[in-house]
Amino acid sequence: MTNTSNSLFAECGYAQPEIDARVAQVWHEIFEGPNKFYWQTEDGLGYVMDTGNNDVRTEGMSYAMMLAVQYDRQDVFDRLWGWVMTYMYMPEGHHAHYFSWSVRPDGSERADGPAPDGEEYFAMDLFLADRRWGSGEGIYDYASRARELLHYCVHKGRDEAGEPMWNADNKLIKFIPETEWSDPSYHLPHFYEVFSLCADEQDHVFWREAAAASRSYLETACNADTGMNGEYALYDGTPHTEERFGRHDWFYSDAYRTAGNIGLDVSWNGATDSVLCDRVAALQRFFLTHDRTSVYEVDGTAVDETVLHPVGFLAATAEGSLASWHSSLPDARHNARVWVHLLWNTPMRVGSRRYYDNFLYAFAMLALSGNYRYQW
């Protein structure tokens, strides 16, 4: 792993004091300002709320913990993790050792199962916290809690009761433990490279194989012409169309994260997968010549639907410039610059849908400024 920490903002001509100010603004907007969605509780804990759905999600809590470790705020990190362990952790039952993916802001139950994107982020958050601050005791023994969580994610269904979050044969992350299909935006090979060094030794090979499997999977899940992927997809990468889950075969909310994930993988590990760099370049090219307020099927067919998270979409696509910068497509680097400038000139979102958009915005600002790190 390389952790180059290069700043595309600087490469595109922005001055370092301006970049530093924008990065600082992100923290203020999410955690402190009038449009924040982080709150501290009377018992000394803290949570972030999905302002569009009025609940607390493992997605958002794990994202907020990632921001806390990146911004060196152990106080906020520990408040968030304490809230997660108090109100979201499931110590017994079918999903023992996983986390309820959605609870109410008062901590009362809302969902009775997990969503693997939360668990993989929690594990990464905890490993990074251990690297940055060292581990403490109990639930704040960060590295031990991360290893324990990943053990159950992999070994349920074999050595432990319940279903695993990764398919043991193809090494691909599942949408939920009970399903045998995936969500392309869940695939974080750069995280799995860290897991291959920090998880239980018996699972190091598994995580190396999972990283390679996820990169190969994303090559098939992202359309070669448009760069788009479905929100949910089968293990062969084709969009998932089972109606009982609603429509998720299109390029919509979850799917926006994929380009940013690929970009961060390149930032941390280098441009080792030229196909994925080209996929992001194709995505950026498509949306510079098509209506960015419209929803599309992965082949580029327009759908009569409006983008729900326009700022999040723009931010994650801009973060993908870290990958498209290395693409072989002739216009890739020019387009990558255009997307960096688009993000720079786009303010953070306000209103009820600000939660998801501003998290993706925060990750893009960190990554493009060279401040989204896995080691210090």
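Parameters and conventions
For every chain, the first residue of the written sequence is number 1, and numbering continues from 1 along that sequence. Where local features are concerned, this predicted model is filtered to residues with pLDDT of at least 70; where side-chain atom pairs are given and counted, the filter is 80 or more; whole-chain, interface and lining totals use all residues. Calculation of side-chain values draws on the structure's entire complement of heavy atoms; hydrogens and water are dropped beforehand. Counting from the N terminus, the helices are DSSP H or I runs at least four residues long and the strands are E runs at least two residues long. Both definitions apply: the radius of gyration is a C-alpha atom measure, and the globule rule equals 2.2 Å times residues to the power 0.38. Burial classes follow relative accessibility: with a 1.4 Å probe on protein chains only, a residue under 20% of its type's maximum area counts as buried, one over 50% as exposed, and anything between as partly exposed. Any two residues having at least one pair of non-hydrogen atoms within 4.5 Å are treated as being in contact. Where accessible areas are quoted, they stem from the Shrake-Rupley method and a 1.4 Å probe; at the residue level, only the protein chains shown are allowed to cover. The convention is simple: Lys and Arg are positive, Asp and Glu are negative, and His and the chain ends are not counted. Taken as the charge centre is NZ of Lys, CZ of Arg, CG of Asp or CD of Glu, depending on the residue. One less than the residue count of a helix, multiplied by 1.5 Å, gives the span that helix is expected to have. Whenever a pair of cysteine sulfur atoms sits within 2.5 Å, that pair is classed as a disulfide. The rule for a salt bridge is simple: a side-chain nitrogen of Lys or Arg has to be within 4 Å of a carboxyl oxygen of Asp or Glu. Ring pairs shown here join Phe, Tyr and Trp side chains whose ring centres sit within 6.5 Å, with only the six-membered ring taken for Trp; geometry is labelled stacked below 30 degrees between planes, edge-to-face above 60, and tilted in between. Counting of polar contacts relies on pairs of N or O atoms within 3.5 Å, with two restrictions inside protein: one atom must be capable of donating a hydrogen and the other of accepting it, and residues adjacent in sequence are counted only when both atoms are side-chain atoms. Orientation is described by lines fitted to C-alpha atoms, with helices fitted over the stretch in contact, and by angles between N-to-C directions that extend from 0 to 180 degrees. An angle below 35 degrees is read as roughly parallel, one above 145 as roughly antiparallel, one from 65 to 115 as roughly perpendicular, and any other as oblique. Crossing handedness is read from the near helix: turned anticlockwise from the far helix by less than a right angle, it gives a left-handed crossing, and turned clockwise, a right-handed one. Classification convention: Asp, Glu, Lys, Arg as charged; Ala, Val, Leu, Ile, Met, Phe, Trp, Tyr, Cys, Pro as nonpolar; all other residues, Gly among them, as polar. The criterion for strand pairing is that DSSP finds at least two bridges linking the strands in question.

Enquirer: Whenever I open this one, the overall build of the protein confuses me. Can you help?
Expert: When you go through the protein residue by residue, the secondary structure sums to 14 helices and 9 strands. Here the C-alpha atoms of the protein give a radius of gyration of 19 Å, agreeing with the 21 Å that 2.2 N^0.38 yields for 376 residues. Along the three orthogonal principal directions, the C-alpha set of the protein runs to about 55 × 45 × 40 Å. The burial tally for the protein puts 62% of its 376 residues in the buried class. A separation of at least 24 residues holds for 68% of the contacts in the protein among residues at least 6 apart in sequence. Taken as a whole, the protein presents about 14000 Å² of accessible surface, with 46% of it coming from carbon and sulfur. Taken together, the 29 basic and 56 acidic charged side chains of the protein have centroids lying 4 Å from each other.

Enquirer: Would you explain helix 8 (residues 204-221) in this entry?
Expert: Because each turn of an α-helix spans 3.6 residues, side chains separated by three or four positions in sequence point in the same direction. The terminal C-alpha atoms of helix 8 lie 25 Å apart, and with 18 residues this matches the ideal 26 Å at 1.5 Å per residue to within 8%. Taken together, the buried positions of helix 8 are His-204, Phe-206, Trp-207, Ala-210, Ala-211, Ala-213, Ser-214, Arg-215, Tyr-217, Leu-218 and Ala-221.

Enquirer: Is there a simple way to explain the state of the cysteines in this structure?
Expert: As used here, a disulfide is simply a covalent bond connecting the sulfur atoms of two cysteines. Under the defined criterion, the tally for this structure stands at 0 disulfides. Summary of cysteine pairing: Cys-277 is not part of a disulfide, and the nearest cysteine sulfur, belonging to Cys-222, is at 12 Å.

Enquirer: Looking at this structure, how should I read the side chain of Thr-58?
Expert: Tracing the backbone through its elements, the reader meets Thr-58 in helix 3 (residues 58-70). Among all residues touching Thr-58, those that are not within four sequence positions of it are Met-88, Phe-99, Ser-100, Trp-101, Ala-115, Gly-118 and Phe-122.

Enquirer: When you look at the pattern of salt bridges in this model, what are you seeing that I'm missing?
Expert: Oppositely charged side chains may form a pair once their charged atoms are brought near each other. Inspection of every chain in the model, using the stated rule, returns 20 salt bridges. With its nearest N and O atoms 3.4 Å apart, the salt bridge here joins Arg-257 to Asp-117. Within this pair, whereas Arg-257 is found in helix 9 (residues 257-269), its partner Asp-117 is found in helix 5 (residues 116-133), the two being separated by 140 residues in sequence. Like Asp-117, Arg-257 is buried.

Enquirer: Help me understand the packing of aromatic side chains in this model?
Expert: Centre distance and the angle of the planes are the two values used to describe a pair of aromatic rings. Following the criterion strictly, the structure yields 50 aromatic pairs and no others. Consider the rings of Trp-81 and Phe-99, whose centres lie 5.9 Å apart with planes at 55°: the pair is tilted. Of this pair, Trp-81 sits in helix 4 (residues 74-87) while Phe-99 sits in strand 5 (residues 98-99), and the two are 18 residues apart along the sequence. For Trp-81, a relative accessible area of 1% gives the class buried. Their ring planes at 85° and their centres at 4.9 Å tell us that Trp-166 and Trp-207 sit as a pair that is edge-to-face. Of the two residues, Trp-166 is situated in the loop between helix 6 (142-155) and helix 7 (189-198) and Trp-207 in helix 8; the sequence distance between them amounts to 41 residues.

Enquirer: Just checking my understanding: could you explain the environment of Tyr-140 for this structure?
Expert: Along the chain, Tyr-140 turns up in the loop between helix 5 and helix 6. Put simply, Tyr-140 and Ala-362 are 222 residues apart on the chain and 25 Å apart in space, counted from C-alpha to C-alpha. In contact with Tyr-140, other than residues within four places in its own chain, are Asp-78, Trp-81, Gly-82 and Ser-135. At a separation of 3.3 Å, a polar atom in the side chain of Tyr-140 contacts the main-chain carbonyl oxygen of Asp-78.

Enquirer: How should I be thinking about the environment of Glu-120 in this particular structure?
Expert: Checked against the element boundaries, Glu-120 lands in helix 5. Given a relative accessible area of 1%, Glu-120 falls into the buried group. Discounting chain neighbours no more than four positions away, the residues touching Glu-120 are Trp-166, Ile-173, Tyr-186, Leu-188, Phe-191, Tyr-192 and Phe-195.

Enquirer: In this structure, what is going on with unusual backbone geometry? I would like to understand it.
Expert: What is expected of a backbone is that most residues other than glycine have negative phi and most peptide bonds are trans. Phi angles above zero are rare outside glycine, and Asp-72 is one such case at about 60°. Note on placement: Asp-72 falls in the loop between helix 3 and helix 4. A relative accessible area of 40% places Asp-72 in the partly exposed class.

Enquirer: Would you take a moment to explain the environment of Asp-130 for this structure?
Expert: Tracing the sequence through the fold places Asp-130 in helix 5. Looking at Asp-130, the relative accessible area reads 27%, which means it is partly exposed. Each C-alpha atom of the pair Asp-130 and Ala-143 lies 5.8 Å from the other, and the pair is 13 residues apart in sequence. Those residues in contact with Asp-130 that sit more than four places away from it in its chain are Ser-135, Tyr-142 and Ala-143.

Enquirer: Explain the packing of helix 9 against helix 10 (residues 274-288) here, please?
Expert: A packed helix pair is summarised by two numbers, namely the angle formed by the two axes and the spacing between the axes. Across the interface, helix 9 lies against helix 10 with an axial gap of 10 Å and an inter-helix angle of 140°. Of the possible angle classes, the one that applies to helix 9 and helix 10 is oblique. In this structure, the crossing between helix 9 and helix 10 has a hand that is left-handed. Contact with helix 9, carried on its side by Ala-259, Ile-262 and Val-266, involves Leu-276, Cys-277, Val-280 and Leu-283 of helix 10 and no other residues of that element. Grouping the constituent residues of the contact of helix 9 with helix 10 by class yields 7 nonpolar, no polar and no charged.

Enquirer: Explanation requested: the pairing of strand 8 (residues 294-297) in the structure shown.
Expert: Side-chain positions along a regular strand alternate between the two faces of the sheet. Bridge count between strand 7 (residues 250-251) and strand 8: 2 bridges; the pairing is antiparallel. Following the sheet pairing, Trp-250 is matched in strand 8 by Glu-297. Note: strand 8 against strand 9 (residues 302-306), 3 bridges, orientation antiparallel. Across the sheet, Ser-294 pairs through a bridge with Thr-306, a residue of strand 9. Once strand 8 ends, the chain turns through 4 residues before running back antiparallel as strand 9, passing Gly-300 with a positive phi of about 100°.

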